[in-house]
Each structure stands twice: as structure tokens, then as C-alpha cells.
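These are the residues of each chain, in order.
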Amino acid sequence: MKIMDILVKDAVLMDLESRTKHEALAEMAGALSRQEAGLEAGRLLEVLLEREKLQSTGIGEGVAIPHGRMPGLGRLVATFARSREGVDFESIDGQATHLFFLLVVPEHSGGQHLKALARISRFFRDAAFRERLLSSEQLEDVCRAIEEEDAKF
Amino acid sequence: MTDRPVLEREVTVQSELGLHARPAASFAALSNRFQSEIWVSRGSDEEWVNGKSVLSLLSLAAAQGTRLRIRAEGEDAREALEALEDLIRESRETRETGTDA
């Protein structure tokens, strides 16, 4: 599985306007649902908020991977968002979150879900990759960075 | 140069959903309570990742049944390994009982 195959490019947000967790999730859910027929923004937001209640997906190092399962969805979809100022995402290390990778998976996709999480985590655990996404000017720079990682393994 | 204890043991991931985001976060949080450095590797894989980082743990893609090696280096290595082994053993949630991922 390549990340570029599941990333909905037109839903990427280079500058999140939101400063709170709820707003940030709503902004990302809105952007993704506008591009993806069959994904309803309100329902997606509900699913994401439910998941956050269990434990924040702000997993530290400035990164969050909000995710959820959507019944009826035909395939994995993902988007990326960035906040230069940072969002208080209740992250586990208490630091502001700047990089968001939103993953939405069909109801029955246990293995695929874990693989997608693993792959994106492998990218994000590299400080140089995180820095590159933070300093990207254009969407194309972000896509190039992801494509290069995708090509590595 | 260093005479601090280095201990290692192997555990098998029990959770039906594997070492997904929440168990990985629990593992990292528990690891962070110990002074020892914690390293984790898949079975025979030679790549060791930082057990105190959720991103690193998630990158293992450890599905149910995956054998993980946990290595602890430091004064409290034994206690750390016992606690982490218990955590992996106890996380047996299934689709029916746990809200997933």
C-alpha cells in the first residue's frame, strides 16, 4: 500500500485555520467529504470525535493521526493537514500538534488499517520528514516528500 | 564502558486488532515510566525501534500473533520488561468488546 494511493490530494489543507481540536477535526472532515462522494462530513466528524474520546490520536512529536471507521466506505482514504501555529490536540506529550494525517477506513479492514497506520508512522517518525512537511510551500512539495518515502519500501 | 543491565524477552501480540494506536500509546506511556531505554523489534528483524515513541511502535505493523522482542537497558530493566510483558499479555480486546483502533 502506497500512501499516495490513499491520499486525497485535493483535500489537503496546507494551513489549517482552526486552533482547537474540535474545529480542526471539523475542518479536515469537511475538506475530505467535499472531495469524496459518500463521505458525509457530519457523520465523519462524529466518528472521529468518538475515537478521540477513547484517547487522543495526538501521538506526540507534533503529529496526530486522527482515524475512524466509516460503514459503507468502499476504500481507505486519507488526507493531510498542517497548522503552522499548532493546535492543542490534547496530545500525549502535551505538545502542540502541527502535522495531521487523517485516515478513514471501511468498516471491515483490520489488516489494511494497521498497515496504513504503520506506513504513515514510519514516515512521520523521521524528524527530517516532519521538518520537510513543515517547511513545504506548496501542496506539490508535500506530495513529492510523500512520494519519495513511498518509493523507499 | 557500561555495566547497566540489558535484558530481552519475546512476547506475542494478543490483541485481535494488533498493536494499533491505543495499545501503542499505552506501551509508550508505560515505557516512559522507566529510566531504562526500551527497544522493540519484530521477531527476527534486526531493526530496533524506540519503545517510548508511539510513532516508532506503530511503524512495526504488529498484527495479532506477531512476535515482538522487547529489550530494556538500564537499572530498572527487569521491572520494565515485566510490566511491558504484562501489558502485551493483557491486551486481548476483541472487536466485540473493544471499540476498535
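Thresholds, definitions, all that
Residue positions are given per chain, counted from 1 along the sequence in the order it is written. Each chain takes a letter, starting from A, and each ligand takes a number, starting from 1, following the order in which they are written. Residue-level local features of this predicted model are given only where pLDDT is at least 70; pairs of side-chain atoms are given and counted only at 80 or more, and the full residue set underlies all totals for whole chains, interfaces and linings. As a convention, hydrogens and water are excluded, and side-chain values are obtained from all of the structure's heavy atoms. Numbered from the N terminus, helices here are DSSP runs of H or I no shorter than four residues, and strands are runs of E no shorter than two. Each residue gets one of three labels from its accessible area relative to the maximum for its type: buried under 20%, exposed over 50%, partly exposed in between, using a 1.4 Å probe on protein chains only. Pairs of residues are marked as contacts when any of their non-hydrogen atoms sit within 4.5 Å. The Shrake-Rupley method, run with a 1.4 Å probe, gives the accessible areas here. Residue values count only the displayed protein chains as cover. For salt bridges, the criterion is a side-chain nitrogen of Lys or Arg within 4 Å of an Asp or Glu carboxyl oxygen. In this analysis an axis means a line fitted to C-alpha atoms, helices contributing only their contacting stretch, and an angle means the value between N-to-C directions, from 0 to 180 degrees. We call two directions roughly parallel when the angle between them is under 35 degrees, roughly antiparallel when it is over 145, roughly perpendicular when it lies between 65 and 115, and oblique otherwise. Side-chain classes are defined by residue name, with Ala, Val, Leu, Ile, Met, Phe, Trp, Tyr, Cys and Pro counting as nonpolar, Asp, Glu, Lys and Arg as charged, and the others, Gly among them, as polar. Under the rule applied, a polar contact is a pair of N or O atoms within 3.5 Å (in protein, one hydrogen donor and one hydrogen acceptor; residues adjacent in sequence only if both atoms are side-chain atoms). What pLDDT conveys is the predictor's confidence in a given residue, as a value from 0 to 100. Two parts placed together each lose some accessible area under a 1.4 Å probe, and adding up what both lose gives the buried area. A strand pair is defined by DSSP finding two or more bridges across the two strands.

Q: Quick question: what am I supposed to make of the overall build of chain B here?
A: When helices and strands are tallied, chain B shows 3 helices and 4 strands. Shown N-terminal to C-terminal, the secondary structure of chain B runs as helices and strands in the order β-α-β-β-α-β-α. Across the 101 residues in chain B, those meeting the buried criterion constitute 50%. Intrachain contacts of chain B at a sequence separation of at least 6 include 75% that bridge at least 24 residues. For chain B, the accessible surface area stands at approximately 5,000 Å², while carbon and sulfur atoms represent 43% of it.

Q: Before we go on, may I ask you to explain the pattern of salt bridges in this structure?
A: A full pass over the atoms with the stated rule returns 22 salt bridges over all chains. A salt bridge links Lys21 of chain A to Glu90 of chain A, with the shortest nitrogen-to-oxygen separation between them at 3.1 Å. Of the two residues, Lys21 of chain A is situated in helix H2 (residues 21-35) and Glu90 of chain A in the loop between strand S4 (77-87) and strand S5 (97-106); the sequence distance between them amounts to 69 residues. Exposure remark for Glu90 of chain A: the relative accessible area of 54% places this residue in the exposed category. Salt-bridge contacts for Glu73 of chain B lead to Arg4 of chain B; the nearest nitrogen and oxygen are separated by 3.6 Å. Of this pair, Glu73 of chain B sits in strand S4 (residues 67-73) while Arg4 of chain B sits in the segment before strand S1 (6-12), and the two are 69 residues apart along the sequence. Residue classification places Glu73 of chain B among the buried residues on the basis of a relative accessible area of 16%.

Q: What should I look at first to understand the packing of helix H5 (residues 127-135) of chain A against helix H6 (residues 139-152) of chain A in this one?
A: The relative placement of two packed helices is expressed as an angle between their axes plus a distance between the axes. Residue and element names in this part refer to chain A. Between H5 and H6, the least distance of the axes is 9 Å, while the angle of their chain directions is 160°. By the angle between their axes, H5 is roughly antiparallel relative to H6. Touching Phe129, Arg132 and Leu133 of H5 are Val142, Arg144, Ala145, Ile146, Glu148 and Glu149, all from H6. Residue composition of the contact of H5 with H6, grouped by class: 5 nonpolar, no polar and 4 charged.

Q: Can you help me understand the side chain of Arg82 of chain A in this one?
A: Residues and elements named next belong to chain A. Structurally, Arg82 can be placed in strand S4. Within the local environment of Arg82, its side chain forms a polar contact with the backbone oxygen of Leu133, the two atoms lying 2.8 Å apart. One polar contact links the side chain of Arg82 to the main-chain carbonyl oxygen of Leu134, over a distance of 3.1 Å. With residues near it in sequence (within four places) discarded, Arg82 still touches Leu13, Met14, Asp15, Leu16, His98, Leu99, Leu133, Leu134, Ser135 and Ser136.

Q: What should I look at first to understand unusual backbone geometry in this one?
A: For residues that are not glycine, phi is negative in most cases, and the peptide bond is trans in most cases. Despite not being glycine, Glu90 of chain A shows a phi value in the positive range, around 55°. Here the phi dihedral of Ala61 of chain B falls at roughly 50°; this positive angle occurs in a residue that is not glycine. A relative accessible area of 23% means that Ala61 of chain B is categorised as partly exposed.

Q: Would you mind showing me how to read the environment of Leu87 of chain B here?
A: All names here are of chain B. Mapped onto the secondary structure, Leu87 falls in helix H3 (residues 77-90). By relative accessible area, which is 25% here, Leu87 ends up partly exposed. In this structure, the C-alpha to C-alpha distance between Leu87 and Arg4, residues 83 residues apart in sequence, is 24 Å.

Q: I keep staring at the confidence of the model for chain B and nothing clicks. Help me out?
A: In regions of low pLDDT, the predicted coordinates are not meant to be interpreted in detail. All names here are of chain B. Residue-level pLDDT values for chain B average 88, and 88% of them are 70 or greater. Per-residue pLDDT stays below 50 along residues 94-100; that stretch engages in 13 contacts with residues further than four places along the chain or on separate chains. Predicted complex metrics record ipTM = 0.90 and pTM = 0.91.

Q: I tried to follow the interface of chain B and chain A on my own but got confused; where do I start?
A: Many authors give the size of an interface as the accessible area that is lost as the parts come together. Counting from both sides, the interface comprises 23 residues of chain B and, opposite them, 21 residues of chain A. Summing both sides of the interface, chain B and chain A together bury roughly 1,700 Å²; the carbon and sulfur share of this comes to 63%. One can count 2 salt bridges joining chain B with chain A. Across the salt bridge formed by Glu47 of chain B and Arg125 of chain A, the nearest N and O atoms sit 2.7 Å from each other.

Q: Can you walk me through the sheet that holds strand S3 (residues 49-50) of chain B in this structure?
A: Backbone hydrogen bonds are what pair the strands of a sheet, in a parallel or an antiparallel way. Residue and element names in this part refer to chain B. Across the sheet, which stays open at both edges, the 4 strands sit in the order S1-S4-S2-S3 with antiparallel pairing between neighbours. The sheet is open, and its two borders are formed by S1 and S3, each paired with just one other strand. As paired elements, strand S2 (residues 37-42) and S3 share 2 bridges and run antiparallel to each other. Bridging from a neighbouring strand, Val40 pairs with Val49 of S3. Against the sheet, H3 touches S1, S2 and S4, its axis set at about 5° to S1.

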